[in-house]
Amino acid sequence: MIDILSLTLSELSEQMVPLKQPKYRAKQIFEWLHKKKASSFEEMTDTPAQLRAALKLDFCIKSLNIQKTLVSDRQDTVKYLYGLDDGNKIETVFMSHKHGNSLCISSQVGCKMACCFCASGMAGFIRNLSPSEMLLQLYQTEKQQSPANCSSIVIMGVGEPLDNFDNVIRFLRLLESPDGHNMSLRHVSLSTCGLVERIDELRELKMGLTLSVSLHAVTDSERSAIMPINQRYNIGRLLTSCAEYYKHTGRRISFEYSLINGVNDGTEHADELVRLLSAKMSRGSFHVNLIPINVINEVKFRKSANVKAFAGILEKSGVAVTVRRTMGADINAACGQLRTTSFSD
């Protein structure tokens, strides 16, 4: 059956032709799916009963089922374990901020990238998520959080978004559709470990989103040890691609840097990070987001005690730097802690 929630409005209009329906019916259905968040055709009460019956024969509306919910002690973070139609599971995190609410969504079931400080790929890769399954993380969570809405989305959950490139791009097109959810992509951040060819493809689309690049090291040997993708695309090649991305889009790059005690958090690392970025990137084209690493059971990495000193070196050198506020660590909902299996770890 056709996954109707993954269809664009123009594609849905084409589907109305064999059903001998006027094209305005497509817009009605599209709005039911993406604005009113209908989970069944029966809810579409301003469409003819005959059309609803016909839609049920050829189309399906996918669903997410809440398996578990965890709320942080501070009540500002909620982690959902969602069950997919095929029995797989994904994790989604709702975060409440003073300036609005954000949602961290997954793009794959599992992950191929095998970054050694991240729990998301430790059970292996299973499959890509469809555009509808990414949208449903937003729609289902907003239903649960009503009347609160999500003002921004970060594609930083389980999976590497650029490894699911076509589905992620379709998801973004649906998300920004004025006839649908109508979210500006300036409120979307996409996180990547550095799939360079895909960054280059994304650059040409000029979609307006924020690109967040997981750097986490300042030499190729150190980065390859914790991020296998660096053996394919080294730091120099990655930064060249990032510089071109900014040049073509005007969108500032966010470099994510997880500080790991005794691994990448020394004064020499901070100095080299300044030199490395200044050599490749123009002033104002990037900022650095420092992340105190979040503990996962399988790896003995520990939080750095040098976060403030590291940030100070960058600031004195004129590098724009922020330190990410840790949210949801008590429920394993912080950066690097998401999984696809259960909430028991």
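Above this text is the structure in question.
To keep things clear, this report deals only with the structure shown in the data block. The shown structure was predicted, so the numbers you read here are calculated from the model rather than taken from an experiment.

1. Some words on the overall build of the protein chain
- A tally of regular secondary structure across the protein chain gives ten helices and 14 strands.
- The globule rule puts the C-alpha radius of gyration for 345 residues at 20 Å, and the 21 Å found for the protein chain is close to it.
- Its C-alpha atoms give the protein chain principal-axis dimensions of roughly 70 × 45 × 35 Å.
- Sorting the 345 residues of the protein chain into buried and exposed places 56% on the buried side.
- Within the protein chain, contacts between residues at least 6 apart in sequence are counted, and of these 65% link residues at least 24 apart.
- For the protein chain, the exposed surface amounts to about 14800 Å²; the carbon and sulfur share of it is 49%.
- Counting 41 positive and 36 negative side-chain charges, the protein chain places the centres of these two groups 3 Å from one another.

2. Here's the deal with the packing of helix H9 (residues 267-280) against helix H10 (residues 307-316)
- Contact geometry of H9 with H10 gives a least axis separation of 9 Å together with a crossing angle of 30 degrees. In terms of orientation, H9 and H10 fall into the roughly parallel class. Crossing handedness for the pair H9 and H10: right-handed. Residues Thr267, His269, Ala270, Asp271, Leu273 and Val274 of H9 pack against Phe310, Ile313 and Leu314 of H10.

3. Brief notes about the pattern of salt bridges
- This model, assessed by the stated rule, comprises 16 salt bridges.
- One salt bridge in this structure joins glutamate 11 and arginine 170, with 2.6 Å as the shortest N-O distance. Of this pair, glutamate 11 sits in helix H1 (residues 9-16) while arginine 170 sits in helix H5 (residues 165-176), placing them 159 residues apart in sequence.
- What makes arginine 170 partly exposed here is its relative accessible area of 27%.
- Across the pair arginine 127 and glutamate 133 runs a salt bridge whose closest N-O atoms are separated by 2.9 Å. Each member of the pair, arginine 127 as well as glutamate 133, carries the same accessibility label: buried.
- Connected through salt bridges with shared partners, the residues Lys62, Asp86, Arg127 and Glu133 form a single ionic network.

4. Some details on unusual backbone geometry
- At the junction of serine 146 and proline 147, the peptide bond is cis and its omega measures out at 15 degrees in the coordinates.
- With respect to the secondary-structure elements, proline 147 resides in the loop between helix H4 (131-145) and strand E9 (152-155).
- The phi angle at lysine 20 is positive, at roughly 55 degrees, despite the residue not being glycine.
- In this structure lysine 20 comes out as exposed when scored by relative accessible area, which is 76%.
- Even without glycine at this site, lysine 37 takes up a positive phi of about 60 degrees.
- Secondary-structure assignment places lysine 37 in the loop between helix H2 (24-34) and helix H3 (49-58).
- Exposure remark for lysine 37: the relative accessible area of 15% places this residue in the buried category.

5. Quick look at the sheet that holds strand E10 (residues 188-192)
- Across the sheet, ten strands lie side by side as E3-E4-E5-E6-E9-E10-E11-E12-E13-E14; this open sheet has mixed pairing. Strands at the two margins of the open sheet, each flanked by one partner only, are strand E3 (65-71) and strand E14 (321-323). Pairwise comparison of adjacent strand axes, ignoring direction, gives a mean angle of 20 degrees for this sheet.
- Pairing of strand E4 (residues 77-83) with strand E5 (residues 89-97) involves seven bridges; the strand directions are antiparallel.

6. Some thoughts on H10
- Those residues of H10 that fall on the buried side of the exposure criterion are Val307, Phe310, Ala311, Gly312, Ile313 and Leu314.
- For H10, the elements touching its buried residues are strand E12 (253-259), H9, strand E13 (286-292) and E14.
- In the stretch just after H10, glycine 318 is the one whose phi turns positive, near 85 degrees.

7. Some remarks on the side chain of serine 214
- Within the secondary structure, serine 214 sits in strand E11 (residues 210-214).
- Under the relative-accessibility criterion, serine 214 is labelled buried at 12%.
- Beyond its immediate stretch of four places on either side in the chain, serine 214 contacts Ser191, Thr192, Cys193, Arg223, Met227 and Glu256.

8. A word on the pairing of E5
- Connecting E4 to the antiparallel partner E5 that follows it, the hairpin turn spans five residues, and glycine 87 within it adopts a positive phi of roughly 95 degrees.
- Examined bridge by bridge, E5 and strand E6 (residues 100-104) share five bridges and lie antiparallel to one another. Following the sheet pairing, phenylalanine 94 is matched in E6 by leucine 103.
- Remark: two residues form the turn of the hairpin made by E5 and E6, two consecutive strands paired antiparallel.

About the cut-offs
- Residues numbered from 1 in each chain as written.
- Predicted model: local features only at pLDDT ≥ 70, side-chain atom pairs only at ≥ 80, totals over all residues.
- Heavy atoms only, no water.
- Helix = DSSP H or I, 4+ residues; strand = E, 2+ residues; numbered from the N terminus.
- Rg over C-alpha atoms; globule rule 2.2 N^0.38 Å.
- Buried < 20%, exposed > 50% of the residue type's maximum accessible area, 1.4 Å probe, protein only.
- Contact = heavy atoms within 4.5 Å.
- Areas by Shrake-Rupley, 256 points an atom, 1.4 Å probe, with all protein chains shown as cover.
- Lys, Arg positive; Asp, Glu negative; His and termini not counted.
- Charge placed at Lys NZ, Arg CZ, Asp CG, Glu CD.
- Axes fitted to C-alpha atoms, helices over the stretch in contact; angles between N-to-C directions.
- Parallel < 35°, antiparallel > 145°, perpendicular 65-115°, else oblique.
- Left-handed = near helix turned anticlockwise from the far one by under 90°.
- Salt bridge = Lys/Arg side-chain N within 4 Å of Asp/Glu carboxyl O.
- Pairing = 2+ DSSP bridges.

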